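Overview (structure and organization)
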Amino acid sequence: MKKTRNLCMLLVSLLVSQFIISQNKTKKPNIVIIYVDDLGYGDIGVNGAIGVKTPFVDELAKNGLNFTDAHSAAATCTPSRYSLLTGSYAFRNNAAILEGDAPLIIDTTKETLPKMLQKAGYTTGIVGKWHLGLGAGKIDWNQKIPLGPEEVGFDYSFLIPATGDRVPTVFLENQEVVNLDKNDPITVSYGTRIDGYPWGSKHPELLKQHTDPYHQGAVINGISRIGYMKGGKDALWVDEKIPFVLSEKATGFIEKEKENPFFLYFSLHDIHQPRIANIKFVESSTMGPRGDVIAQMDWCVGEITKALKKQNLLDNTLIIFTSDNGPILDDGYLDYAIELLGDHKPGGKYKGAKYSVFEAGTRMPTILHWPAKVKPGKSDALLSQVDLYATLACLLDVKVAKNAAPDSENHLDAWLGKSKKGREFLLEEAYTYGLRFGKWKYIQPKDKPIPDWIAKKFVDPGFSAEIQLFDLEKDPSEENNIAKNNPKIVKKMENKLKEILK
């Protein structure tokens with residue numbers, strides 16, 4: 001009798017499992033975008049990383065599609081994030097890197113990626129770095145901030161308002177500062193110096209890492225930031241705990257919304273400076289803090305996949321793992337990233353970095369994982385993050401609103417690995433413009449000296465008074481300018497770029 005009962009229970013368990021799997025394969029997929037900050041094409045194991053291991057990211061690649069020619073829309077953070085969420089090139093709105101008190105730069109009257117997904121029946125959430133502005137001007141950090149993720153289309157938000165190196169160093173949950181004591185109000189200034197937290201320029205003895213002059217504002221948790229701040233002591237984050245806080249909020253969102261389709265935009269702070277690894281990850285690489293926070297980032301990816309597995313959602317969740325722009329070694333903080341690099345190549349075989357129009361500025365590590373629909377493999381399709389808007393709309397059979405996503409193209413078959421045909425032309429925004437056309441890479445002339453602030457970061461932005469043209473199949477490192485030998489290709493590229501920029 002006992003054996004019969006156990007057999008019945010086993011059969012019931014198998015039937016329930018099959019029912020769950022069947023449901024997951026027929027319902028709309030959950031969508032998770034894991035957006036890493038400043039991670040280069042070569043910074044993950046499957047793309048050749050040396051000195052750091054990324055087992056959770058590598059597992060996504062093993063069971064998903066690893067793209068070798070997928071791009072962020074820009075070589076800097078605010079512009080690429082703007083393009084991802086709006087389906088519009090950043091230059092159309094003069095989107096540039098913002099200070100921590102900048103107003104919201106997304107037009108709330110227009111449809112966005114999360115608004116489109118809301119129309120498709122999704123609950124939408126963002127956890128992590130925002131850096132797209134908040135409010136309409138001068139922000140009062142001591143009350144709910146109008147104009148932010150909610151107005152852009154997110155049902156839930158838990159934010160780093162701008163970046164880890166900018167004040168205010170507090171979290172916002174649904175646009176209110178977390179743990180704020182109303183008797184200790186926050187004041188933030190990006191112009192006039194204000195008394196409050198000590199300044200890095202006056203108190204270098206307080207610093208865990210020394211910085212360039214730009215980062216010598218308020219010292220909080222031993223880190224000197226951009227801007228000045230006073231108040232909000234109980235609300236201050238601890239840098240070493242940020243990955244745990246963000247991962248807990250992201251997995252909590254998955255747990256809460258598990259019964260219905262959800263969109264999670266998990267926007268990590270790592271591996272942006274200041275690179276402050278938790279003790280759990282210190283010395284987990286051979287590259288010092290930069291390598292350690294790559295390992296820390298990988299752990300965060302693992303927390304997401306574990307949470308999805310726990311809820312039996314991993315099979316029917318479309319995960320896109322990628323980065324906002326290329327790698328940077330020295331972005332203002334002294335953490336010996338250059339000195340400890342060893343044989344590791346953050347951009348892989350590609351030239352360039354964050355701020356640069358060369359390939360490594362926008363060619364991102366990009367993995368799509370959706371076991372229910374996508375076969376594992378590699379793809380060299382030419383793809384841009386600006387196209388995720390139209391592509392996901394096609395996947396879900398949602399009509400894109402009029403005047404929305406003007407630059408987004410539907411490349412669903414390429415993103416799902418059914419075709420190697422991606423974009424015909426792909427724009428690369430930096431401090432000049434690049435344009436891809438198959439194997440060809442064109443760079444618009446810019447007859448200006450390299451700005452001192454870029455030169456001090458040891459970055460070549462790609463400026464030249466001459467037209468630059470490269471054959472990336474023969475010359476992936478963009479060393480041999482062949483513009484003079486290919487006038488027809490140059491003319492074609494010039495005309496197309498003018499058409500895009502008009």
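Residues numbered from 1 in each chain as written. Predicted model: local features only at pLDDT ≥ 70, side-chain atom pairs only at ≥ 80, totals over all residues. Heavy atoms only, no water.

1. A look at unusual backbone geometry
Following Val167, the chain continues to Pro168 via a peptide bond in cis, the omega torsion being 0 degrees. Considering the arrangement of structural elements, one finds Pro168 in the loop between β5 (156–160) and β6 (172–173). With an omega of 0 degrees, the peptide bond between Gln273 and Pro274 qualifies as cis. Within the fold, Pro274 resides in the loop between β12 (262–267) and α7 (289–310). Positive phi, close to 70 degrees, is recorded for Asn403, a residue that is not glycine. Residue class for Asn403 comes out exposed when judged on its relative accessible area of 60%. (Helix = DSSP H or I, 4+ residues; strand = E, 2+ residues; numbered from the N terminus. Buried < 20%, exposed > 50% of the residue type's maximum accessible area, 1.4 Å probe, protein only.)

2. What about a nonpolar patch on the surface?
Judged by side-chain polarity, Leu334, Tyr336 and Leu340 come together as a nonpolar surface patch covering roughly 270 Å² of accessible area. In this structure, Tyr336 sits in the loop between β13 (317–323) and β14 (366–369). (Patch = residues over 30% accessible without salt bridge, like charges linked within 9 Å, V, L, I, M, F, W, Y side chains within 5 Å. Areas by Shrake-Rupley, 256 points an atom, 1.4 Å probe, with all protein chains shown as cover. Salt bridge = Lys/Arg side-chain N within 4 Å of Asp/Glu carboxyl O.)

3. Describing the sheet that holds β13
Spatially, 10 strands are ordered β7-β6-β5-β4-β12-β1-β13-β14-β2-β15 in an open sheet, and the strand pairing comes out mixed. Pairing within the sheet leaves two strands with one partner each, and these edge strands are β7 (176–177) and β15 (377–379). Relative to β5, strand β4 (residues 123–129) runs parallel, the two sharing five bridges. Each bridged residue has a counterpart across the sheet, and for Val127 the counterpart in β5 is Phe158. (Pairing = 2+ DSSP bridges.)

4. A word on helix α11 (residues 487–501)
Along its 15 residues, α11 runs 21 Å from first to last C-alpha, staying within 8% of the 21 Å computed at 1.5 Å per residue. Looking at α11, one finds that the buried residues are Ile489, Val490, Met493, Glu494, Leu497 and Ile500. The arc that holds every buried residue of α11, seen down its axis, measures 135 degrees, which confines them to one face. Along α11, exposed side chains directed more than 90 degrees from the buried face belong to Pro487, Lys488 and Lys498. Residues of α11 that are buried sit in contact with β17 (425–429), β18 (433–437), β19 (440–443) and β20 (468–471). (Expected span 1.5 Å × (residues − 1). Arc of directions from axis to C-beta. Contact = heavy atoms within 4.5 Å.)

5. Quick look at the state of the cysteines
In protein structure, a disulfide is the covalent linkage between the sulfur atoms of two cysteines. On inspection of all chains with the given rule, the structure shows zero disulfides. Between Cys300, a cysteine without a disulfide, and Cys77, which holds the nearest cysteine sulfur, the sulfur-to-sulfur distance is 18 Å. Residue classification places Cys300 among the buried positions, given a relative accessible area of 2%. (Disulfide = S-S within 2.5 Å.)

6. With respect to the side chain of Thr54
With respect to the helices and strands, Thr54 occurs in the loop between β1 (30–36) and α2 (55–62). For Thr54, a relative accessible area of 1% puts it in the buried group. There is a polar contact of 2.8 Å between the side chain of Thr54 and the backbone nitrogen of Gly45. The contacts of Thr54, once residues within four sequence positions are left out, are Asp43, Ile44, Gly45, Ile294 and Asp298. (Polar contact = N/O pair within 3.5 Å; in protein donor to acceptor, adjacent residues only side chain to side chain.)

7. A word on the sheet that holds β20
Spatial ordering of the open sheet is given by β17-β18-β19-β20, a layout of four strands whose pairing is antiparallel. Both edges of this open sheet fall to β17 and β20, since each of them pairs with a single strand only. Strand-to-strand twist in this sheet, taken as the mean axis angle between neighbours without regard to direction, amounts to 20 degrees. With four bridges joining them, β19 and β20 adopt antiparallel strand pairing. Each bridged residue has a counterpart across the sheet, and for Lys441 the counterpart in β20 is Phe470. Sheet contacts for α11: β17, β18, β19 and β20; angle to β18, the most-contacted strand, approximately 120 degrees. (Axes fitted to C-alpha atoms, helices over the stretch in contact; angles between N-to-C directions.)

8. With respect to the packing of aromatic side chains
Applying the stated criterion across every chain, the model contains 20 aromatic pairs. The interplanar angle of 35 degrees and the centroid separation of 5.1 Å between the aromatic rings of Phe158 and Phe171 together place this pair among those described as tilted. Pair noted here: Phe158 is in strand β5 and Phe171 is in the loop between β5 and β6, with a separation of 13 residues, a long-range link. Between Phe171 and Trp237 the ring centres are 5.6 Å apart and the planes differ by 45 degrees, which places this aromatic pair in the tilted class. Linking Phe171 in the loop between β5 and β6 with Trp237 in the loop between β11 (228–230) and α6 (242–256), this pair joins segments that are 66 residues apart in sequence. With relative accessibility at 2%, the residue Trp237 sits in the buried group. An aromatic cluster of at least three residues, connected via ring pairs, comprises Tyr35, Trp130, Phe154, Phe263 and Tyr265. Between Lys351 and the ring centre of Phe358, over which it is positioned, the NZ or CZ distance is 4.3 Å. (Phe/Tyr/Trp six-rings, centres within 6.5 Å; stacked < 30°, edge-to-face > 60°. Lys NZ or Arg CZ within 6 Å of the ring centre and 35° of its normal.)

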